[in-house]
Amino acid sequence: MNHLNLYRVYDDKLDLLYETSVKPDQKERDIKLKRLLTKSQLFLNLDNLQCYRIIPDLK
């Protein structure tokens, strides 16, 4: 069975910004996902689904 890791990134209002799936042995990186993950925080992690939320700058 082929498992995929599913990623969803939401904005600060929880509107879906980006959704993608990545194979565990995938060698190429998803640049957009990587960039979004650096600006977000994990809020849901169920089995192979990880959901992140963009954290707004509170300055």
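Above this note sits the structure.
The rules behind each value
- Residues numbered from 1 in each chain as written.
- Predicted model: local features only at pLDDT ≥ 70, side-chain atom pairs only at ≥ 80, totals over all residues.
- Heavy atoms only, no water.
- Phe/Tyr/Trp six-rings, centres within 6.5 Å; stacked < 30°, edge-to-face > 60°.
- Helix = DSSP H or I, 4+ residues; strand = E, 2+ residues; numbered from the N terminus.
- 1 Å grid on protein atoms, 1.4 Å probe; cavity = no way out; pocket = protein on both sides within 12 Å on 5 of 7 lines; lining within 4 Å.
- Points joined across faces, edges and corners; volume = space filled by probe spheres on them.
- Nonpolar A, V, L, I, M, F, W, Y, C, P; charged D, E, K, R; others polar.
- Pairing = 2+ DSSP bridges.
- Buried < 20%, exposed > 50% of the residue type's maximum accessible area, 1.4 Å probe, protein only.
- Polar contact = N/O pair within 3.5 Å; in protein donor to acceptor, adjacent residues only side chain to side chain.
- Contact = heavy atoms within 4.5 Å.

1. Re the packing of aromatic side chains
Taken as a whole, this structure holds two aromatic pairs when the rule is applied. Measuring from centroid to centroid gives 5.8 Å for Tyr-10 and Phe-43, while their planes differ by 65 degrees, and the two rings are edge-to-face. In this pair, Tyr-10 sits in strand S1 (residues 5-10) while Phe-43 sits in strand S3 (residues 40-46), placing the two residues 33 residues apart along the sequence.

2. Describing the layout of surface pockets
Looking at the largest pocket, its volume works out to about 230 Å³. Along the walls of the largest pocket sit Asn-5, Tyr-7, Val-22, Lys-23, Pro-24, Gln-26, Glu-28, Arg-29, Asp-30, Leu-33, Lys-34 and Leu-37, which together make up its complete lining. Breaking the lining of the largest pocket down by element, the ones donating at least two residues are S1 and helix H1 (31-38). For the lining of the largest pocket, the element with the most residues is H1, which contributes three residues. Classifying every residue of the lining of the largest pocket gives five nonpolar, two polar and five charged.

3. Some remarks on the pairing of strand S4 (residues 49-54)
Pairing of S1 with S4, which is carried by five bridges, proceeds in the parallel orientation. Along S4, the bridge assignment pairs Tyr-7 with Gln-50. As defined by bridge partners, S3 adjoins S4 across six bridges and the pair is classed as antiparallel. Residue pairing across strands places Asn-45 opposite Gln-50, the latter belonging to S4.

4. Re the side chain of Thr-20
Tracing the chain through its elements places Thr-20 in strand S2 (residues 16-22). We classify Thr-20 as buried; its relative accessible area is 17%. Polar contacts involving the side chain of Thr-20 include one to the side chain of Asp-30, which spans 3.5 Å. The contacts of Thr-20, once residues within four sequence positions are left out, are Asn-5, Leu-6, Tyr-7, Asp-30 and Leu-33.

5. Quick word on the environment of Asp-25
Mapping Asp-25 onto the fold places it in the loop between S2 and H1. Along the backbone, Asp-25 and Leu-4 are 21 residues apart, and their C-alpha atoms lie at a distance of 9.5 Å.

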